[in-house]
Amino acid sequence: MNIKGIIFDFGFTLFHFDNVSIEKYFDCYNRGLQKAVTLLKESKILKEDIIKEFTTKFQKERIEFFRKSVKTKNEFPTSYVFKHVLGTFLGEEIISKLTDEFYLELANLYHSCEEEEWIPYKHTKDTLNKILELKNVKIGVLSNHPHHFTIRNLLKKYDLLKYFDAVVTSAKFGNRKPNPEIFHYTLKKMGLENEQSSSVIMVGDEYADIIGGQRAGLQTILFERQYKFPYEKEIDIPNLRKINNLSEILDFIQ
Ligand SMILES: [Mg+2]
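Residues numbered from 1 in each chain as written. Predicted model: local features only at pLDDT ≥ 70, side-chain atom pairs only at ≥ 80, totals over all residues. Heavy atoms only, no water.

(A) Examining the overall build of the chain more closely. A tally of regular secondary structure across the chain gives ten helices and eight strands. Computed over the C-alpha atoms, the radius of gyration of the chain is 19 Å, within 12% of the 18 Å expected from 2.2 N^0.38 for a compact globule of 254 residues. For the chain, buried positions account for 50% of its 254 residues. Taking as baseline every contact in the chain between residues at least 6 positions apart, the subset at least 24 positions apart corresponds to 69%. Just so you have it, the chain exposes about 13,100 Å², and 49% of that area is on carbon and sulfur atoms. (Helix = DSSP H or I, 4+ residues; strand = E, 2+ residues; numbered from the N terminus. Rg over C-alpha atoms; globule rule 2.2 N^0.38 Å. Buried < 20%, exposed > 50% of the residue type's maximum accessible area, 1.4 Å probe, protein only. Contact = heavy atoms within 4.5 Å. Areas by Shrake-Rupley, 256 points an atom, 1.4 Å probe, with all protein chains shown as cover.)

Okay, here's the thing in structure tokens:
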């Protein structure tokens with residue numbers, strides 16, 4: 001079949017964490033939160049005596065919002081979580097003086113340590129180069145991430161932004177995979193129509209990529225990663241196409 005586009009998931013499809021573990025993830029977020037708290041202290045927004053309480057509350061609310069996002073398929077961006085939690089500590093008058101840019105800066109700091117850990121897979125750049133050479137295949141990235149700039153910054157940092165016709169995140173769109181709407185939105189951003197979805201491949205390492213891709217009418221390929229996260233949803237689909245190395249995707253489009 002004549003393939004018109006490929007949509008890649010980001011985490012553990014294009015990029016990965018070296019020596020990944022749940023502990024490493026939490027450590028990144030905790031270090032990032034400390035940086036955000038330092039800014040709040042230095043800006044005299046939070047006083048010393050409520051820092052500990054704020055930190056605990058933020059960590060708790062971040063987990064709650066994540067659970068809610070998985071359940072409802074609505075994304076709650078990190079900047080929104082900061083605004084919400086600060087709202088429970090500060091008066092309306094102070095909250096209304098803080099700008100959207102300031103909340104985005106807090107989110108930047110929160111995700112800054114995570115940004116240092118993500119690196120592209122060995123075959124990511126070569127594979128994107130080869131797809132680009134085909135000329136008639138559009139390329140998109142679609143990530144369930146609560147901070148759009150993390151994905152954009154990382155693609156820029158590794159000189160990969162130039163390959164993509166669309167960079168879509170749940171943080172910016174508002175809904176998450178497997179909601180078919182975010183896949184259709186990505187097609188549109190890539191310059192493709194919903195009617196062309198059966199000529200587009202979604203590649204990802206998770207249930208949300210494969211089930212969402214199928215619901216949206218796309219072809220799907222599972223990138224089988226080595227590391228298994230706890231509580232992962234099983235993908236029970238017969239004859240599911242799988243790859244172990246990103247460059248294998250080329251066999252499906254040439
Ligand atoms: Mg992933």
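From this point on, the discussion continues.
(B) Structural view of the domain arrangement of the chain. Taken domain by domain, the chain consists of domain 1 (5-17 + 119-252) and domain 2 (22-117). Taking only C-alpha atoms into account, the centre of domain 1 sits 28 Å from that of domain 2. Residue-level contacts link 24 residues of domain 1 with 22 residues of domain 2. Counting each side, the surface lost to burial between domain 1 and domain 2 is near 1,800 Å², with a carbon and sulfur contribution of 59%. Counting the surface domain 1 buries against domain 2, the share from its top three residues, Phe17, Pro146 and Arg176, is 38%. (Domains from an automatic or database assignment. Buried area = accessible area lost by both parts, 1.4 Å probe.)

(C) Region of interest: the sheet that holds strand β4 (residues 138-143). Strand order in the open sheet formed by six strands is β5-β4-β1-β6-β7-β8, with parallel pairing between adjacent strands. Either end of the sheet is taken by a strand with one partner, and the two such strands are β5 (166-169) and β8 (242-243). As judged from the four bridges shared by β4 and β5, these two strands associate in the parallel manner. Paired with Gly140 across the strands is Ala166, a residue of β5. (Pairing = 2+ DSSP bridges.)

(D) Structural detail: the coordination of the magnesium ion. Distances from the magnesium ion to its protein donors, namely Asp9 (OD), Gly11 (O) and Asp205 (OD), fall within the range 2.1 to 2.2 Å. Sequence spacing of the donors to the magnesium ion: D-x1-G-x193-D. (Donors = N, O, S within 2.8 Å, 3.2 Å for Na, K, Ca; no water.)

(E) Spatial organisation of helix α1 (residues 22-42). The first and last C-alpha atoms of α1 sit 31 Å apart over 21 residues, in line with the 30 Å expected at 1.5 Å per residue. Against the buried residues of α1 lie β2 (15-17), α2 (51-72), α3 (78-89), α5 (100-117) and β3 (118-120). At the C-terminal side of α1, Lys44 shows a positive phi close to 60°. (Expected span 1.5 Å × (residues − 1).)

(F) Quick look at a positive patch on the surface. Taken together, Arg152, Lys156, Lys172, Lys188 and Lys189 make up a surface patch of like positive charges. Tracing the chain through its elements places Lys189 in helix α9 (residues 180-189). Exposure remark for Lys189: the relative accessible area of 46% places this residue in the partly exposed category. (Patch = residues over 30% accessible without salt bridge, like charges linked within 9 Å, V, L, I, M, F, W, Y side chains within 5 Å. Salt bridge = Lys/Arg side-chain N within 4 Å of Asp/Glu carboxyl O. Lys, Arg positive; Asp, Glu negative; His and termini not counted. Charge placed at Lys NZ, Arg CZ, Asp CG, Glu CD.)

(G) The arrangement of the packing of α5 against helix α7 (residues 148-157) in detail. For the pair α5 and α7, the least separation of the axes is 10 Å and the interaxial angle reads 50°. With respect to their mutual orientation, α5 and α7 come out oblique. Regarding α5 and α7, the two cross each other, and that crossing is right-handed. Here Leu104, Asn108, His111, Glu114, Glu115 and Glu116 of α5 lie close against α7, whose contacting residues are Phe149, Thr150, Asn153, Leu154 and Lys157. Per-class residue counts for the contact of α5 with α7 are three nonpolar, four polar and four charged. (Axes fitted to C-alpha atoms, helices over the stretch in contact; angles between N-to-C directions. Parallel < 35°, antiparallel > 145°, perpendicular 65-115°, else oblique. Left-handed = near helix turned anticlockwise from the far one by under 90°. Nonpolar A, V, L, I, M, F, W, Y, C, P; charged D, E, K, R; others polar.)

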